[in-house]
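# Geometric and topological summary
So the chains spell out like this:
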Amino acid sequence: MSATPHMTPNPTSDVALPLPRVGALVRRRSLAATLVHVFSSSVLTVLVVLIALIWSVPTIGLFISSFRPPTAIHNSGWWTGLTPPWHFTIENYQNVIQAQGLGQAFINSLIISIPGTILPVLLAAFAAYAFAWMKFPGRDWIFLGIVAMMIVPVQMMLIPTLKLFTNIGITGSYVSVWLAHTALGLPFAVYLLRSFFGALPSDLFESASIDGASHVRVFFSILLPLSVPSLASLVIFQFMWVWNDLLVALIFLGGSQNVAPLTVTIADQVNSFGTNYEVLTSAAFLSMALPLAVFFGLQRYFVRGILAGSVKG
Amino acid sequence: MAVAVPQPVAPPAQQSRKAPAARRDKFFAWFWIGPAVVFVGVLLFYPVLDTIGLSLFNFDSSKFVGLQNFHLIFTNPLLLQVLRNNLLWLVVATGGTVLLGLIIAVLVDRVRIESFAKATIFIPMALSMTAAAVIWRFVYAYAAPGEKQIGLLNAIWTAFGGQPQAWTADPKSVLLNNLLLIVTYVWMWTGFCMVILSAALKSIPTEILEAARTDGASELSIFFRITVPMISPTIAVVATTMLINVLKIFDIVYVMTGGNFGTNVINNEYWNQLFNFNQFGVASALAVILLIAVIPVMLFNIRRFRIQEAQR
């Protein structure tokens with residue numbers, strides 16, 4: 001760190017303009033301006049830290065509580081656990097993993113989420129490619145029809161779908177949840193990917209087509225490699241939504257504990273032991289661990305992927 | 001099953017010039033869109049038609065009743081409250097997430113700890129609604145006066161001399177109950193808006209901002225005259241996503257209050273009518289109201305989408 005940070009070129013600085021035209025002006029008012037800048041940028045930093053802190057407080061509270069003994073959780077606020085004497089324990093985690101069958105629920109959530117993510121993203125990628133780069137009658141109407149289904153609340157598809165799934169005998173099995181999540185995820189996925197794919201330069205596809213490359217080859221050897229960031233961002237969204245879904249699992253899997261995902265197991269505990277905080281703390285924290293890992297793991301792609309689609313649209 | 005009513009579409013002028021490829025596309029495109037069309041058609045579009053039909057029949061779908069279910073919804077005070085709550089959600093939750101997301105995105109853009117700050121705002125997005133509900137029970141928890149408050153809000157409230165409040169669960173303060181649930185939603189979804197809007201901010205050329213500052217424009221007028229207009233397409237995308245999301249709000253209400261204490265919303269009442277009361281007619285009518293409420297949003301998007309298409 002240099003001794004005079006405000007003098008070094010800084011992209012966020014509104015003082016150290018590299019433009020020669022304003023050089024004299026900047027130099028003339030540099031002392032006052034620098035003072036104002038240092039003041040306002042530290043005020044800004046303090047403000048941002050404050051917002052970040054406020055946003056984190058509820059989560060921090062849960063995290064601290066999850067390491068406190070049940071009696072302490074019931075009798076004092078989590079913030080009192082921060083001061084000595086400390087009584088931290090991993091008992092809550094042990095109890096939940098062993099006794100509540102949460103381990104099984106975690107595995108069930110994985111079994112539901114992985115196909116529930118891959119299937120819609122893949123099918124949406126196929127469809128989005130055709131909507132973006134092929135010409136066929138009714139293209140725009142079919143596309144708009146699919147996008148419009150984004151508005152269908154889960155509740156609306158439940159009963160007809162339940163009837164259909166019962167008729168073909170897949171209710172209560174993972175297959176029913178995979179199919180339901182695929183249908184529910186497709187409208188948004190098609191919408192998002194079509195705007196990503198449509199933003200790619202058209203020369204790319206024209207030259208490939210002149211070279212005689214088939215759509216299958218263009219899709220796999222040009223489109224997919226170029227779209228890794230956007231696909232990754234969609235994968236994170238879809239994974240988080242399926243992982244965090246409560247309603248679809250409740251309806252199609254029923255109450256059976258051996259297939260129930262984490263969200264169902266935790267919601268059951270909230271409803272039946274409303275004051276059982278020690279169970280809730282560690283269970284909730286375990287359920288958020290994996291989505292957080294996925295988010296941090298793919299964060300770089302996430303931001304860049306969104307940029308590609310949302311800006312060029 | 002077709003997804004939209006098939007409409008004759010005028011063949012594009014250049015189709016004859018690109019004859020061989022275009023003719024092949026006409027046929028092969030269906031292999032590419034087929035699976036998506038089948039999934040959406042069978043599992044989403046068919047239920048929509050079914051629901052619209054059911055909404056015109058009585059509770060067990062045995063008798064045609066016309067618009068009676070809608071009449072009931074719009075005259076029953078409890079159901080009217082449900083509609084009002086959804087409207088409150090629509091305005092406050094959508095406005096809250098988009099505005100806060102925009103403000104935070106602009107603020108973190110100008111500090112060195114940007115990625116750290118963004119991560120803390122985004123974390124709630126990665127949580128399940130049930131986990132979030134657990135977290136917020138810790139904030140809103142209530143204990144009788146005189147007892148030790150283990151809820152953060154009541155601890156702060158009583159520290160400043162207030163009486164402990166049954167946040168979200170006081171039947172006398174319906175508006176506050178709803179707003180407290182909305183706070184939970186805003187806490188969760190602001191990060192989503194912030195990340196997308198922040199990405200859009202990065203695309204504004206720095207030369208434009210620097211030129212404006214050189215000309216003596218204030219930060220506030222830069223925000224309203226340059227930043228907001230330049231990222232308005234992205235704001236539209238984010239706002240649309242939030243509108244649709246909020247219209248369908250269910251989890252937070254279901255887990256935190258179950259719709260009690262005057263906090264019921266359409267989707268939660270749909271659930272009640274369907275699975276607790278077996279009132280298929282009224283339930284479907286509620287769902288149809290959601291469907292209708294979202295048509296203007298879709299029309300706006302269709303228009304926006306067409307303008308984009310024309311510019312490509």
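Just so it is clear, the structure is predicted and the values come from calculations on it, not from any experiment.

Each value, and the rule that gives it
- Residues numbered from 1 in each chain as written.
- Chains lettered and ligands numbered in written order.
- Predicted model: local features only at pLDDT ≥ 70, side-chain atom pairs only at ≥ 80, totals over all residues.
- Helix = DSSP H or I, 4+ residues; strand = E, 2+ residues; numbered from the N terminus.
- Buried ≥ 20, exposed ≤ 12 C-beta atoms within 10 Å, placed from the backbone.
- Contact = placed C-beta atoms within 7 Å.
- Domains from an automatic or database assignment.
- Nonpolar A, V, L, I, M, F, W, Y, C, P; charged D, E, K, R; others polar.
- Core = buried A, V, L, I, M, F, W, Y, C linked by C-beta atoms within 7 Å.

### A closer look at the overall build of chain A
Within chain A, the secondary structure is distributed over 14 helices and zero strands. Helices (α) and strands (β) of chain A occur, in sequence order from the N terminus, as α-α-α-α-α-α-α-α-α-α-α-α-α-α. With 313 residues in all, chain A has 44% of them scored as buried. Across chain A, the fraction of contacts at a sequence separation of at least 24, relative to all contacts at a separation of at least 6, is 74%.

### Observations regarding the domain arrangement of chain A
All names here are of chain A. The domain boundaries assigned to chain A delineate domain 1 (5-66) and domain 2 (94-312). Of the residues lining the interface, four residues belong to domain 1; the matching set on domain 2 comes to five residues. In terms of residue class, the side of domain 1 that touches domain 2 is built from two nonpolar, two polar and no charged.

### A short note on the interface of chain A and chain B
Chain A puts 80 residues into the contact, and the matching count from chain B is 84 residues. Secondary-structure elements contributing two or more residues to the side of chain A that touches chain B are helix H2 (30-66), helix H5 (102-133), helix H6 (139-148), helix H7 (154-167), helix H8 (174-198), helix H11 (228-244), helix H13 (262-272) and helix H14 (277-312) of chain A. If one sorts the elements of the side of chain A that touches chain B by residue count, H2 of chain A sits on top with 13 residues. Residues of the side of chain A that touches chain B, tallied by class, amount to 56 nonpolar, 22 polar and two charged.

### Observations regarding unusual backbone geometry
All names here are of chain B. Of note, Ser61 is a non-glycine position whose phi angle comes to about 60°, a positive value. Following the sequence through the fold, Ser61 ends up in the loop between helix H1 (19-54) and helix H2 (68-75). Owing to 13 C-beta atoms within 10 Å, Ser61 belongs among the partly exposed residues under this scheme.

### Regarding the nonpolar core
By size, the foremost hydrophobic cluster in this structure holds 170 residues, and its most contacted members are Ala124 and Val190 of chain A together with Ala36 and Val40 of chain B. For this core, the element with the highest residue contribution is helix H7 (residues 174-201) of chain B, accounting for 16 residues. Apart from the residues within four sequence positions on either side, Val190 of chain A is in contact with Ala124, Ala127, Ala128, Ile146 and Val147 of chain A together with Ala36 of chain B.

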